[in-house]
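A look at the structure
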Amino acid sequence: KRAETIVVPVLPSPIDMKATSIFLEELKKVSKVAKKQVKIGAVANRVRDNTLIYDDLDEYLTKARVPYIAALREAQNYVRAYTRGLGIFELPEYLAWQDWAEWEPLTAWLRSVRSQP
């Protein structure tokens, strides 16, 4: 009830894309969302470049009726960070610079007025 911004992660799978379609339609029926008091954005999550399923997910999110904010790769850095009790931004730059760069569109969107109702 208090949310102003919702980020929806979507995995590269037909099942997740179908579930996301249903979820977004249900979400749009929520009063605050319908009244545009909440902004929604989508993030491709755990993707592998140059795969057919990522191409499908990229096309799906491009056509979805919510902003397609970022694509985050599937990387061992998330496992490394988790097992050390760290966040991805606490890993050394030489390990995580690519992941940091992939988060930039999402963090920029969250800081911008485009993510605010």
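Residues numbered from 1 in each chain as written. Predicted model: local features only at pLDDT ≥ 70, side-chain atom pairs only at ≥ 80, totals over all residues. Heavy atoms only, no water.

Here the focus is the sheet that holds strand 1 (residues 5-10). Within a sheet, adjacent strands bond to each other through the backbone by hydrogen bonds, running parallel or antiparallel. Taken together, three strands build an open sheet; the order of strands is 1-2-3 and the sheet is parallel. The sheet is open, and its two borders are formed by strand 1 and strand 3 (68-73), each paired with just one other strand. Averaged over all pairs of adjacent strands, the angle between their axes in this sheet comes to 25°, without regard to strand direction. As judged from the six bridges shared by strand 1 and strand 2 (residues 39-47), these two strands associate in the parallel manner. Its bridge partner being in strand 2, Ile-6 is matched across the sheet by Ile-40. (Pairing = 2+ DSSP bridges. Helix = DSSP H or I, 4+ residues; strand = E, 2+ residues; numbered from the N terminus. Axes fitted to C-alpha atoms, helices over the stretch in contact; angles between N-to-C directions.)

It is worth spelling out the pattern of salt bridges at this point. Following the criterion strictly, the structure yields six salt bridges and no others. Residue Glu-74 is joined to Arg-46 by a salt bridge in which the shortest nitrogen-to-oxygen separation is 3.2 Å. Here the residue Glu-74 occupies a position in the loop between strand 3 and helix 4 (76-83), and Arg-46 occupies one in strand 2, the gap between them amounting to 28 residues. Relative accessible area serves as the criterion here: at 33%, Glu-74 is assigned to the partly exposed category. What makes Arg-46 partly exposed here is its relative accessible area of 47%. (Salt bridge = Lys/Arg side-chain N within 4 Å of Asp/Glu carboxyl O. Buried < 20%, exposed > 50% of the residue type's maximum accessible area, 1.4 Å probe, protein only.)

Turning our attention to the packing of aromatic side chains. What the rule picks out here adds up to two aromatic pairs. Ring geometry for Phe-89 and Trp-100: centres 6.2 Å apart, planes at 20°, overall stacked. Taken together, the positions of Phe-89 in the loop between helix 4 and helix 5 (93-111) and Trp-100 in helix 5 put the pair eleven residues apart, joining distant regions of the chain. Since its relative accessible area comes to 46%, Phe-89 is described here as partly exposed. An angle of 70° between the planes, with centres 6.3 Å apart, marks the rings of Phe-89 and Trp-103 as edge-to-face. Of this pair, Phe-89 sits in the loop between helix 4 and helix 5 while Trp-103 sits in helix 5, and the two are 14 residues apart along the sequence. An aromatic cluster of at least three residues, connected via ring pairs, comprises Phe-89, Trp-100 and Trp-103. (Phe/Tyr/Trp six-rings, centres within 6.5 Å; stacked < 30°, edge-to-face > 60°.)

Time to look at the confidence of the model for the chain. Residue-level pLDDT values for the chain average 96, and 100% of them are 70 or greater. At the low end of the mean pLDDT range in the chain sits helix 2 (residues 31-34), at 92; at the high end sits strand 3, at 98. (pLDDT = per-residue confidence, 0-100.)

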